[in-house]
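Summary of structural features
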2 protein chains.
Amino acid sequence: MNNEQTPIENSKKELETKLSVLQQKITQEKIPIIIIFEGFSASGKGGAISSLILNFDPRGFTVYSTRKPTKEEQRLPWLERFAEKIPAKGRIAIFDRSWYSGVMRQYFKENMAEAISRLEDINMFERQLNDDGYIIIKFFLDISKKEQKKRLKKLLESEDTSWRVQKRDLKNLKNYEEINDFYKNMLKRTDRPNAKWHFIDAKDKKEVRQKVLETVAETLEAAIAQKQNPPQPAVPEKPFINVDFKLLPAPKISTLDLTQPLEREEYKVKLKALQKELKDLHNVIYRHKVPVIITFEGNDAAGKGGSIKRLAAALDPRGYSVIPVGAPTPDEISRHYLWRFYRNLPKDGHIAIFDRTWYGRVLVERIEGFTPQYRVMQAYNEINEFEEMLHNWGALILKFWMAIDKDEQLRRFEDRQNTPEKQWKITEEDWRNREKWDIYETCVDEMIKYTNTDFAPWHIIESNNKLAARVKVLTIVIDAIKKKLGIEDKEDEEE
Amino acid sequence: MNNEQTPIENSKKELETKLSVLQQKITQEKIPIIIIFEGFSASGKGGAISSLILNFDPRGFTVYSTRKPTKEEQRLPWLERFAEKIPAKGRIAIFDRSWYSGVMRQYFKENMAEAISRLEDINMFERQLNDDGYIIIKFFLDISKKEQKKRLKKLLESEDTSWRVQKRDLKNLKNYEEINDFYKNMLKRTDRPNAKWHFIDAKDKKEVRQKVLETVAETLEAAIAQKQNPPQPAVPEKPFINVDFKLLPAPKISTLDLTQPLEREEYKVKLKALQKELKDLHNVIYRHKVPVIITFEGNDAAGKGGSIKRLAAALDPRGYSVIPVGAPTPDEISRHYLWRFYRNLPKDGHIAIFDRTWYGRVLVERIEGFTPQYRVMQAYNEINEFEEMLHNWGALILKFWMAIDKDEQLRRFEDRQNTPEKQWKITEEDWRNREKWDIYETCVDEMIKYTNTDFAPWHIIESNNKLAARVKVLTIVIDAIKKKLGIEDKEDEEE
């Protein structure tokens, strides 16, 4: 071995040491990093990744290899399998092919509308991650048709490597020009200041590696500098909502009569009939593979639990789940706030009932100051985008706000306090929240105002009378499912 | 509606209220509950589950419907997909068909040896859960062939229900007698005091529901009583190890010379050659679909990270993962301690590298008193069982203990303390652990003694010289893989 090093080798060595130090710093600064490798078959993505991670402590990164979605994954929103893999703060996720492959797949199926809609989803997804502090580094490895042919041929020559070449790779070679056009278009549409594409001529593998290492080092350095001296973000007076969202008018809670009449005898009869109807509809949902998302928010002691129980009682236990949402766990708090909800979405044909939701972002997190105000102001739009994505996927989204007035809450709190078997339901925190009644009311009104979209409208449930509230919830769920499935009430009666 | 209630209805009502109260109590007492429904097709499992959960708060339970394992699940140990679903303390998991269906599937494939081995796995799995405080309630719903035929026929008659009858159900009807024999055998083999089968004649659906409700209520009551007045478990003087495990002799750490010579120049040459060899072997592992589990434990600052890095550097990033194991998260701490490891097992053909492991149970948890001593004493055998299960699945298991002596540790701690870019690596806790050097040494010797099985032996790495340690780790990994794959060194040289 030659112990003398040329200047270039020296600088390579320096670069490697630098990357190793940078990884420690991003861990300390708790910056989450996403690095994506896309490009033609045989363009050397694997090799580039290998040479990059050599410089990192393997405990701090994960490499994800993207393949065709499994059958299970196909039953979820297409972005879900990627969203669930976003790194925790301070960690690095490296994607060997990524969400962009999901676009290519649609393109190959000649499903251009879906391909383009996915590009829009991607821009939304990456922007939301950026806004939350994620650093996204995207590489595209480019080779010519001639080079690709040469490389595939070489792989096929040896038994040790031939298994790596798939039918699809050969098909792609044949369609090189067309694919190339599509790639260029895709890169153009998804190149944004905070998630730039690094387009690399991948003919010379050594150059690729050098370019990748340099780019990662530069980006991490800039990210650390920015984290250490963060710009002071302006807090807008009101949230920015994309004009494409059609917001429906909504009443202020205080203008509603929260006490709706319903006698117990009538309630029993109605409840039974509604539960029977919902039970039958659940079968239809299952067969039509419609995903249903039902979310509950409301004042403390407003009766969310009771309504969920009556709803669940009508459903086939194999086709629904109830997701209780409490304070986030450390895993959850160290990622984008929508992460834990992505992970609990229903499969198509299933129903997910959320007991508290992503709206915690603009309620408790806003009021208690857990989240900076400028991020809260971004949340309304982010949530609309999230729900629109679910809607476009085909989901029925039903959002309930269970509303009681201040006197009714006091009665219920005292009842809980005074009834031994109910005492577990009431905590100090409930009383503390109660002191913030007015600020909560303002925040709820604003939440409804800014997220009352036509595809995911709010349903305010007057809940001073628990029985009336439960019946109203069930009625709304049933009507919405029928509308979604195109079932007319008339037909229903004929059955 | 008739408002008068018969005594039976009254007692049904009482039972329902009781169950609701019991659920609250098990939440408060943090008791995890598993309820299993098995039985013939059309025996009414779904209905029984529905009537049971009506009495529970839907936020406190989850129903899992067991189907054929997905392709992804088939690449993991067969119990994994169930192990990952065990409930957190205070929650109820209800299985509509369960791990027992995995046994039936093997039986139908006429794979009797595998079916019987799975029954043994089940007994191990359920016992380990029991010993950890899990309550397991198992129902078997029995119907006659005549009754089954009648029910399937009825389901087939209506368009609304015919889709529920699958080809398999009709095939099962045809083979009723044979299946019945197998079921009876299965029940007998897996009926144990702490996980009894409740065999229910399921002809009368009302009776089934009554029986299920009663049994669950009785079992929960007993569990709560026991939790409130726990028996004082005797702490054995030494662990019980199943005699079937062949424990290999192992030296005490203190008898070893932890300083092995290796010069840097020689190290460089060796490392390069070993990494090249491992790289090639990784391809073979992938093609032969062998799962590989490599675990690292060792003294603080013994160089686990450095060895992992050199190992990882030789591997294709798409085929391995490094799992850093720290203090358990709340989700992890509220379940069986092996849960978080089940969830991180490699798929077949992949390599999982654990940086710290399940052995924390008999090291830090033992020493710091996080786990009661009688549970620690059970852990050695539990871990052997866990590893044997992985071995039987086909995994290669490599366990490393990285050993340095007390002086060497001091040198490394001081070096970390005095080098700015290494300071993050050393914490107060490291110094506190160091004070417990002797007790750690005793515990490590015992750990190795009781878990040094022939299928998953320990490899003690003398690590005072980091370079020698890394080379030894790589050499052992390579030799073990070759042995597992049946690759002779001779053949290798001919290549």
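Since the structure is predicted, the reported quantities are computational estimates derived from the model, not experimental observations. (Residues numbered from 1 in each chain as written. Chains lettered and ligands numbered in written order. Predicted model: local features only at pLDDT ≥ 70, side-chain atom pairs only at ≥ 80, totals over all residues. Heavy atoms only, no water.)

We now examine unusual backbone geometry. Look at A:R356: it is not a glycine, yet its phi comes out positive at around 75°. Tracing the chain through its elements places A:R356 in the loop between β8 (351-355) and α16 (364-367). Located in the positive-phi region is B:R97, a residue other than glycine, with phi close to 65°. Among the secondary structure elements, B:R97 is positioned in the loop between β3 (92-96) and α4 (99-108). (Helix = DSSP H or I, 4+ residues; strand = E, 2+ residues; numbered from the N terminus.)

Bringing the relation of the copies chain B and chain A into the picture now. Overlay of chain B on chain A (RMSD 0.0 Å): rotation 180°, translation along the axis 0.0 Å. The superposition operator between the copies reduces to a two-fold rotation axis. When you check the interface residues of chain B against chain A, 98% turn up at the interface there too, and the contact is symmetric in its surfaces. (Least-squares fit on C-alpha atoms with pLDDT ≥ 70 in both. Contact = heavy atoms within 4.5 Å.)

Right, let's get into a positive patch on the surface. A cluster of basic residues, A:K68, A:K71, A:K109, B:K68, B:K71 and B:K109, forms a positive patch at the surface. In this fold, B:K71 is placed in the loop between β2 (61-65) and α3 (80-83). (Patch = residues over 30% accessible without salt bridge, like charges linked within 9 Å, V, L, I, M, F, W, Y side chains within 5 Å. Areas by Shrake-Rupley, 256 points an atom, 1.4 Å probe, with all protein chains shown as cover. Salt bridge = Lys/Arg side-chain N within 4 Å of Asp/Glu carboxyl O. Lys, Arg positive; Asp, Glu negative; His and termini not counted. Charge placed at Lys NZ, Arg CZ, Asp CG, Glu CD.)

Accessible area lost during the coming together of the parts is what is often quoted as the interface size. If you look at the interface, chain B gives 45 residues, while chain A gives 44 residues. For the chain B and chain A pair, buried surface summed over both sides reaches about 4200 Å², with 57% attributable to carbon and sulfur atoms. Three residues stand out in chain B for area buried against chain A, namely B:R59, B:P317 and B:R318, and they jointly supply 16% of the buried area on that side. Between the two partners, chain B and chain A, sit four salt bridges. Note that B:R59 and A:D355 form a salt bridge whose closest N and O atoms lie 2.7 Å from each other. (Buried area = accessible area lost by both parts, 1.4 Å probe.)

Right, let's talk about the sheet that holds strand β10 (residues 458-462) of chain A for a bit. Residue and element names in this part refer to chain A. Reading across the sheet, the five strands line up as β7-β8-β6-β9-β10 and stay open at both edges, with parallel pairing between neighbours. Each end of this open sheet is capped by a strand with a single partner; those strands are β7 (320-324) and β10. Averaged over all pairs of adjacent strands, the angle between strand axes in this sheet comes to 20°, irrespective of strand direction. (Pairing = 2+ DSSP bridges. Axes fitted to C-alpha atoms, helices over the stretch in contact; angles between N-to-C directions.)

It is worth spelling out helix α17 (residues 373-393) of chain A at this point. Residues and elements named next belong to chain A. In a regular helix each residue adds 1.5 Å, so 21 residues correspond to 30 Å; α17 covers 31 Å between its end C-alpha atoms and thus fits that length. A bend of about 35° at A379 is the largest found in α17. Positive phi shows up at G394, right after α17, with a value of about 120°. (Expected span 1.5 Å × (residues − 1). Bend = angle between axes of the 7 residues up to and from the residue.)

Residues and elements named next belong to chain A. Across the interface, helix α12 (residues 264-288) lies against helix α13 (residues 304-313) with an axial gap of 9 Å and an inter-helix angle of 50°. In terms of orientation, α12 and α13 fall into the oblique class. Counting all contacts with α12, which are made through Y267, L271, Q275 and L278, the residues of α13 involved are R310, L311 and A313. Of the residues assigned to the contact of α12 with α13, the class counts are five nonpolar, one polar and one charged. (Parallel < 35°, antiparallel > 145°, perpendicular 65-115°, else oblique. Nonpolar A, V, L, I, M, F, W, Y, C, P; charged D, E, K, R; others polar.)

Residue and element names in this part refer to chain A. Considering all chains together, one arrives at 56 aromatic pairs over all chains under this definition. Both rings, one in F40 and one in Y176, keep their centres 4.7 Å apart while their planes meet at 15°; by these two values the pair is stacked. Note that F40 is positioned in the loop between β1 (33-39) and α2 (45-53) and Y176 in helix α10 (residues 176-189), a separation of 136 residues in sequence. Given the relative accessible area of 8%, Y176 is considered buried. The positively charged end of R335 is found above the aromatic ring belonging to W339, 4.2 Å away from the centroid. (Phe/Tyr/Trp six-rings, centres within 6.5 Å; stacked < 30°, edge-to-face > 60°. Buried < 20%, exposed > 50% of the residue type's maximum accessible area, 1.4 Å probe, protein only. Lys NZ or Arg CZ within 6 Å of the ring centre and 35° of its normal.)

This part takes up helix α18 (residues 428-435) of chain B. Residues and elements named next belong to chain B. Every buried residue of α18 is accounted for by D430, N433 and R434. Down the axis, α18 shows its buried residues gathered within 105° of arc, on one side only. Projecting away from the buried face of α18 at angles above 90 degrees are the exposed residues E428 and E435. (Arc of directions from axis to C-beta.)

Now for the confidence of the model for chain A. All names here are of chain A. The pLDDT averaged across chain A works out to 92; a share of 97% of its residues lies at or above 70. Of the regions scoring below 50 in pLDDT, residues 491-495 engages in three contacts with residues more than four places distant in sequence or in other chains. Model confidence for the complex: the whole-complex pTM is 0.86, and ipTM, which rates the interface, is 0.76. (pLDDT = per-residue confidence, 0-100.)

Glancing now at the pattern of salt bridges. Residues and elements named next belong to chain B. Evaluated as defined, the whole model comprises 64 salt bridges over all chains. For R366, the salt bridge identified is with E446, shortest N-O distance 3.2 Å. Of the two residues, R366 is situated in helix α15 (residues 364-367) and E446 in helix α19 (residues 437-451); the sequence distance between them amounts to 80 residues. A relative accessible area of 16% means that R366 is categorised as buried. By relative accessible area, E446 is classed as partly exposed at 24%.

Quick look at the sheet that holds strand β7 (residues 320-324) of chain B now. Residues and elements named next belong to chain B. If you trace the five strands from one edge of the open sheet to the other, you get β7-β8-β6-β9-β10, paired in parallel fashion. Looking at strand neighbours, the two that pair on one side only are β7 and β10 (458-462), the edges of this open sheet. Across the sheet, the mean angle separating the axes of adjacent strands is 20° when strand polarity is ignored. Sheet topology note: the strand β6 (residues 292-298)/strand β8 (residues 351-355) ladder contains five bridges and is parallel. Its bridge partner being in β8, F296 is matched across the sheet by D355. Sitting on the sheet, helix α20 (residues 466-485) is in contact with β6, β9 (396-403) and β10, with an inclination near 165° to β9.

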